[in-house]
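Listed here are the chains, written in short residue letters.
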Amino acid sequence: LQVWVSNPHTVALLFQPVLLRCHYRTAASSSSSSSSPIVTWKYKSFCANPSAGSDDPLQAGTEVSSSSSSSSSSCPDSSRTVRIVATKQGDLVTLGEFYRGRSVTVLGGAELSLGPAAWGDSGIYICTVTTVQDLVGNNEAVAELVVLGEA
């Protein structure tokens, strides 16, 4: 199992559509929906306390984090907002409670469409792919999203 994102650092304008592209390759066959991998997108807000090792590209200056693993672990989850955005198995997409009522979905195999970007969408998004038929490899990838206001 291999999971990756096309663009680990995305900048979007407020109210513009956002698409975070996650891809995966698995050795398992996908002949039935019960054997389809489960794709989960999780949201983590950027660290609020700069002394905790800020992973917010705007607070850190112009340099964007060079390692996605350091950005997702630079402060504990207890000091940030963490929530499930959506899960998908086969053609069934289930949205997390916070995202219901928004035009959020998982397209294709694992691409997260956030619809019009909102202020609260800035943060770290983790794409996790789980399949019981292929347990070897890297099953998650990280994408950072920064939403900017219009000039």
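Computed from a prediction, not measured in an experiment: that's the story for all the values here.

Visitor: What exactly am I supposed to notice about the confidence of the model for the protein chain here?
Guide: Note that predicted coordinates carrying low pLDDT should not be read in detail. For the protein chain, the mean per-residue pLDDT works out to 83, and 78% of the residues sit at or above 70. Per-residue pLDDT stays below 50 along residues 52-72; that stretch engages in 39 contacts with residues further than four places along the chain or on separate chains.

Visitor: When you look at the packing of aromatic side chains in this model, what are you seeing that I'm missing?
Guide: What characterises a pair of aromatic rings is the spacing of the ring centres plus the angle enclosed by the ring planes. The final tally for this structure, using the stated rule, is two aromatic pairs. Residue placement shows arginine 83 over the ring face of phenylalanine 98; its charged tip is 3.6 Å from the ring centre.

Visitor: What's the story with the sheet that holds strand β6 (residues 82-89) in this structure? I'm lost.
Guide: In any sheet, the strands associate via hydrogen bonds between backbone groups, in a parallel or an antiparallel arrangement. Here we have six strands laid out as an open sheet, ordered β2-β11-β10-β5-β6-β7, and mixed in their pairing. Only two strands of the sheet have a single neighbouring strand rather than two, namely β2 (9-13) and β7 (92-95). On average, each strand axis in the sheet is tilted by 20° relative to the strand beside it, whichever way the strands run.

Visitor: Quick question: what am I supposed to make of unusual backbone geometry here?
Guide: Apart from glycine, the bulk of residues carry a negative phi angle, and the bulk of peptide bonds sit in the trans form. Even without glycine at this site, phenylalanine 15 takes up a positive phi of about 70°. In this fold, phenylalanine 15 is placed in the loop between β2 and β3 (17-20).

Visitor: Which parts of the structure should I look at to understand the environment of valine 39?
Guide: The residue valine 39 is located in strand β5 (residues 38-44) in this model. Along the backbone, valine 39 and alanine 86 are 47 residues apart, and their C-alpha atoms lie at a distance of 8.2 Å. Excluding its chain neighbours within four sequence positions, the residues that come into contact with valine 39 are Tyr24, Ala86, Thr87, Lys88, Gly109, Ala110, Cys127, Thr128 and Val129.

Visitor: Would you mind going over the state of the cysteines with me for this structure?
Guide: In a disulfide, the sulfur atoms of two cysteines are held together by a covalent bond. One pass over the full model with this rule turns up two disulfides. A sulfur-sulfur separation of 2.0 Å characterises the disulfide bridge that pairs cysteine 22 with cysteine 127. One disulfide, between cysteine 22 and cysteine 127, carries an S-S torsion of -80° and so falls in the left-handed class. Taken as a pair, cysteine 22 in strand β4 (residues 22-25) and cysteine 127 in strand β10 (residues 123-130) lie far apart in primary sequence, 105 residues in all. Neither cysteine 22 nor cysteine 127 differs from the other in exposure class; each is buried. The disulfide partner of cysteine 47 is cysteine 75, and the S-S distance across this bridge is 2.0 Å. Handedness here is read from the sign of the S-S torsion; for cysteine 47 and cysteine 75, about -100°, the answer is left-handed. Taken together, the positions of cysteine 47 in the loop between β5 and α1 (68-73) and cysteine 75 in the loop between α1 and β6 put the pair 28 residues apart, joining distant regions of the chain. The disulfide pattern of the protein chain is 1-4, 2-3 when the bonded cysteines are numbered in sequence order.

Visitor: What's the story with the pairing of β3 in this structure? I'm lost.
Guide: For a regular strand, the rule is simple: side chains alternate between the two faces of the sheet. In β3, alternate side chains face the same way, and those of Val18 and Leu20 are buried while those of Pro17 and Leu19 on the opposite face are not. For β3 and strand β9 (residues 111-116), the ladder comprises four bridges, and the chain directions are antiparallel. Paired with valine 18 across the strands is glycine 115, a residue of β9.

Visitor: What am I meant to see in the pattern of salt bridges here?
Guide: When charged atoms on two side chains of opposite charge get close, those side chains can pair. Tallied over the entire structure, the rule returns four salt bridges. One salt bridge connects lysine 44 with aspartate 77, and the closest N-O pair in it is separated by 3.0 Å. Within this pair, whereas lysine 44 is found in strand β5, its partner aspartate 77 is found in the loop between α1 and β6, the two being separated by 33 residues in sequence. Taken together, the salt bridges that share partners define one network made up of Lys44, Asp77 and Arg80.

Cut-offs applied
Residues numbered from 1 in each chain as written. Predicted model: local features only at pLDDT ≥ 70, side-chain atom pairs only at ≥ 80, totals over all residues. Heavy atoms only, no water. pLDDT = per-residue confidence, 0-100. Contact = heavy atoms within 4.5 Å. Phe/Tyr/Trp six-rings, centres within 6.5 Å; stacked < 30°, edge-to-face > 60°. Lys NZ or Arg CZ within 6 Å of the ring centre and 35° of its normal. Pairing = 2+ DSSP bridges. Helix = DSSP H or I, 4+ residues; strand = E, 2+ residues; numbered from the N terminus. Axes fitted to C-alpha atoms, helices over the stretch in contact; angles between N-to-C directions. Disulfide = S-S within 2.5 Å. Buried < 20%, exposed > 50% of the residue type's maximum accessible area, 1.4 Å probe, protein only. Salt bridge = Lys/Arg side-chain N within 4 Å of Asp/Glu carboxyl O.

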